Amino acid sequence: MKIDKNLVYGPVFFEPNRARRCYYGGALFADFFGDNSSDGIRPEEWVCSTTEALNDNSFDEHIDNEGVSVVRGTDVLFPDLINAYKSEMLGDRDNLGILVKMLDSAIRLPVQAHPDKAFAREHFHSEYGKTESWLVVATRPNACIFFGFKNKISKAEFYEAVKRSETEKNCMEELLNRVPVKVGDVFLIRAKAVHAIGAGCLVLEVQEPTDFTIQPEHYCGDIKLNNQTMFLGLDPSIALDCFNYDSFGQKAVDEGRQIPIVNFDKDGVKVETLISYDDTPCFALDRVTLTNGTYSGLTASSVNIVLSGDGVVSAPNGDYKVKKGDYFFAPDICAKDIKISGSLELAICKPPKK
């Protein structure tokens, strides 16, 4: 199939891309994306995604390319567009290197951690682990996250809690710090950090491009998890090495919480760093707030999401109206020529540091 090269000379928009998960949520998408979403088993929108969801062991039906984005108005998969025009899309990068999601949790997610690169390389044959970040975009009443162990704990003690969770559904939640959250809060979840999104959080998640999650609780809400979903095929004694048992107490929370840094605020344009390459080389996250202003010079090969408001994205191949919930990819070849104007809030998700 011949792919139109004109696509690379402006923002690349995508069809809706909801992925199935083992938890319920999605109702807050109705306001954010302006659709008729309600709580169900598709609580995640995978944004400008080249990554496939690991769902074969969670659901009876396999869906080809689940989680992979399709270019809007076409049948073109995002990875195919990249492969067809790699230098125009990514410059000298080998791959996109990030996965961006919008998640809305109606329930607490299982207590979990993600592998670092060394663990992923050894056990999953992947050069990527799963360091990630959260920006809280909207909340329901009593929204919270669970972050870091509450007290010092050993691997053996944690494994005992894992076994108890088969009959005591919330026993593992009690091991973690409960952290109330509000719109605008930012957290960096380094690989191996124990965590769980609580009920009532719509978050923008930027992460390494994998779907590796060790979630050793026996239940997600009322859904009984199987060993594959809990441990990704690993023996529990190995899988539980994915957790950092030396991070606990308020210090763990403070290490995860990020304070936005204002870099520019003039002429209706405010630019903030939420996650920097000093925080992690895996990705970076900026927030641009326009008040009848114009912003130019997007980061090459960035994933961009309109968090609120509306405006116009101008590029060499045309002008595009955008509003809250719209998102697009900025190809390397034209990112510096793209201008965004209006009154809106934009998240700029940047690929890994070179």
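For the structure, see preceding data.
Anyway, here's the lowdown on the structure attached to this text. (Residues numbered from 1 in each chain as written. Predicted model: local features only at pLDDT ≥ 70, side-chain atom pairs only at ≥ 80, totals over all residues. Heavy atoms only, no water.)

Along the chain, the position of lysine 101 falls in strand E4 (residues 99-105). A polar contact of 3.4 Å, which involves the side chain of lysine 101, links it to the side chain of glutamine 207. Beyond its immediate stretch of four places on either side in the chain, lysine 101 contacts Arg21, Glu44, Glu45, Trp46, Val47, Lys130, Val203, Leu204, Glu205, Gln207 and Asp211. (Helix = DSSP H or I, 4+ residues; strand = E, 2+ residues; numbered from the N terminus. Polar contact = N/O pair within 3.5 Å; in protein donor to acceptor, adjacent residues only side chain to side chain. Contact = heavy atoms within 4.5 Å.)

Where burial is concerned, most of strand E10 (residues 201-207) is hidden: 7 out of the 7 residues are buried. Every second residue of E10 is oriented toward a common face, with Cys201, Val203, Glu205 and Gln207 on one face and Leu202, Leu204 and Val206 on the other, all of them buried. Strand direction decides the pairing type here: E4 and E10, joined by 7 bridges, are antiparallel. Residue pairing in the sheet places serine 105 in a bridge with cysteine 201 of E10. The sheet contact formed by strand E5 (residues 132-139) and E10 spans 7 bridges and is antiparallel. If you follow alanine 138 over to E10, its bridge partner there is leucine 202. (Buried < 20%, exposed > 50% of the residue type's maximum accessible area, 1.4 Å probe, protein only. Pairing = 2+ DSSP bridges.)

For the rest of this paragraph, the subject is helix H8 (residues 249-256). Every buried residue of H8 is listed here: Gly249, Ala252, Val253 and Gly256. The buried side chains of H8 occupy one side of the element, clustering within an arc of 105 degrees when seen end-on. More than 90 degrees from the buried face of H8, the exposed residues found are Gln250 and Lys251. Where H8 is buried, its residues contact strand E6 (144-149), strand E7 (176-180), strand E8 (186-189) and strand E13 (257-258). (Arc of directions from axis to C-beta.)

What follows deals with the sheet that holds strand E3 (residues 44-47). Strand order across the open sheet formed by 7 strands is E2-E3-E4-E10-E5-E8-E13, with antiparallel pairing between neighbours. The two strands at the open ends of the sheet, each matched to only one other strand, are strand E2 (18-19) and E13.

Nothing here speaks to function; it is geometry throughout.
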